[in-house]
Amino acid sequence: MNKYNEYNEYSEQLERYEQVAYEGGYGADWLADVGEGVKFYAMMCERRGKRPTFAGLMKYLDKKAVFMQIYVRGNEL
């Protein structure tokens, strides 16, 4: 049986985000933001009458990761 499947990509992506955040000096902020992001993603789905999904959460976190990196780079200038 193949131990690797498409769902491993989620954990790998989350690990990459965390590593980039710690390398950039904002690891603790990123982890706190992910926790809050789960709640806000669920609230956003509820407002739209949609059921939250893990795939949707990952897309939401993808966007947050990009914005966090842009924000940190902007503050370094």
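Please read all numbers here as calculations on a predicted model, not as lab measurements.

Rules used in this analysis
Each residue is numbered by its place in its chain's sequence as written, counting from 1. Local features in this predicted model are restricted to residues whose pLDDT is 70 or higher, and side-chain atom pairs enter the listing and the counts only when it is 80 or higher, whereas totals over whole chains, interfaces and linings include all residues. Hydrogen atoms and water are omitted, and side-chain values are computed over all heavy atoms in the structure. Put simply, DSSP H or I for four residues or longer makes a helix, DSSP E for two residues or longer makes a strand, and each gets a number counted from the N terminus. Only protein chains enter the area calculation, which uses a 1.4 Å probe; residues under 20% of their type maximum are buried, those over 50% are exposed, and those in between are partly exposed. Pairs of residues are marked as contacts when any of their non-hydrogen atoms sit within 4.5 Å. Put simply, two rings from Phe, Tyr or Trp (the six-membered ring, in Trp's case) pair if the centres are within 6.5 Å, and we call them stacked under 30 degrees between planes, edge-to-face over 60, tilted for the rest. Working convention: axes come from line fits to C-alpha atoms, limited for helices to the stretch in contact. Angles between N-to-C directions cover 0 to 180 degrees. Angle categories: roughly parallel below 35 degrees, roughly antiparallel above 145, roughly perpendicular from 65 to 115, and oblique for all the rest. Gly is put with the polar residues, along with every residue not named as nonpolar or charged; the nonpolar set is Ala, Val, Leu, Ile, Met, Phe, Trp, Tyr, Cys and Pro, and the charged set is Asp, Glu, Lys and Arg. Nonpolar cores were defined as sets of buried Ala, Val, Leu, Ile, Met, Phe, Trp, Tyr and Cys residues, with membership established by side-chain atoms within 4.5 Å. Given the number of residues in a helix, its expected span is that number minus one, multiplied by 1.5 Å.

Asker: I keep staring at the environment of Gly37 and nothing clicks. Help me out?
Answerer: Its place among the elements puts Gly37 in helix H2 (residues 27-47). For Gly37, a relative accessible area of 1% corresponds to the buried category. Linking Gly37 and Leu57, residues 20 residues apart in sequence, is a C-alpha distance of 8.4 Å. Once residues lying within four places of it in the same chain are set aside, the contact partners of Gly37 are Leu57, Tyr60 and Lys64.

Asker: What should I look at first to understand the packing of aromatic side chains in this one?
Answerer: Here the distance between the centres and the angle between the planes together describe a pair of aromatic rings. Going through the model one piece at a time under the given rule, you end up with three aromatic pairs. Between Tyr10 and Phe54 the ring centres are 5.1 Å apart and the planes differ by 80°, which places this aromatic pair in the edge-to-face class. Placement of Tyr10 in helix H1 (residues 8-23) and of Phe54 in helix H3 (residues 54-76) is noted, with a sequence separation of 44 residues between them. The exposure class of Tyr10 is partly exposed, given its relative accessible area of 23%.

Asker: Sorry if this is basic, but what is going on with the packing of H1 against H2 here?
Answerer: Between two packed helices, the angle of one axis relative to the other and the distance separating the axes together describe the packing. Remark: H1 packs on H2, axes separated minimally by 7 Å, with the N-to-C direction vectors making an angle of 140°. When the axis of H1 is compared with that of H2, the two are oblique. Where H1 abuts H2, its residues Tyr17, Glu18, Ala21 and Tyr22 lie against Gly27, Ala28, Trp30 and Leu31. Broken down by class, the residue content of the contact of H1 with H2 amounts to six nonpolar, one polar and one charged.

Asker: Got a minute to help me understand the nonpolar core in this structure?
Answerer: A general feature of soluble globular proteins is that nonpolar side chains tend to end up buried together. Membership of the largest hydrophobic core comes to 14 residues, with the highest contact counts inside it found for Tyr26, Trp30, Tyr41, Leu57, Tyr60, Leu61 and Met68. A total of six residues in this core trace back to one element, the largest contributor, which is H3. Setting aside anything within four residues of it in sequence, one finds Tyr60 in contact with Gly37, Phe40, Tyr41 and Met44.

Asker: What am I meant to see in H1 here?
Answerer: Quick reminder: α-helices carry 3.6 residues per turn. Residues three or four places apart thus point the same way. For H1, spanning 16 residues, the distance from its first C-alpha to its last is 23 Å, which sits close to the expected 22 Å at 1.5 Å a residue. Backbone geometry just after H1 places Gly25 at a positive phi near 85°.

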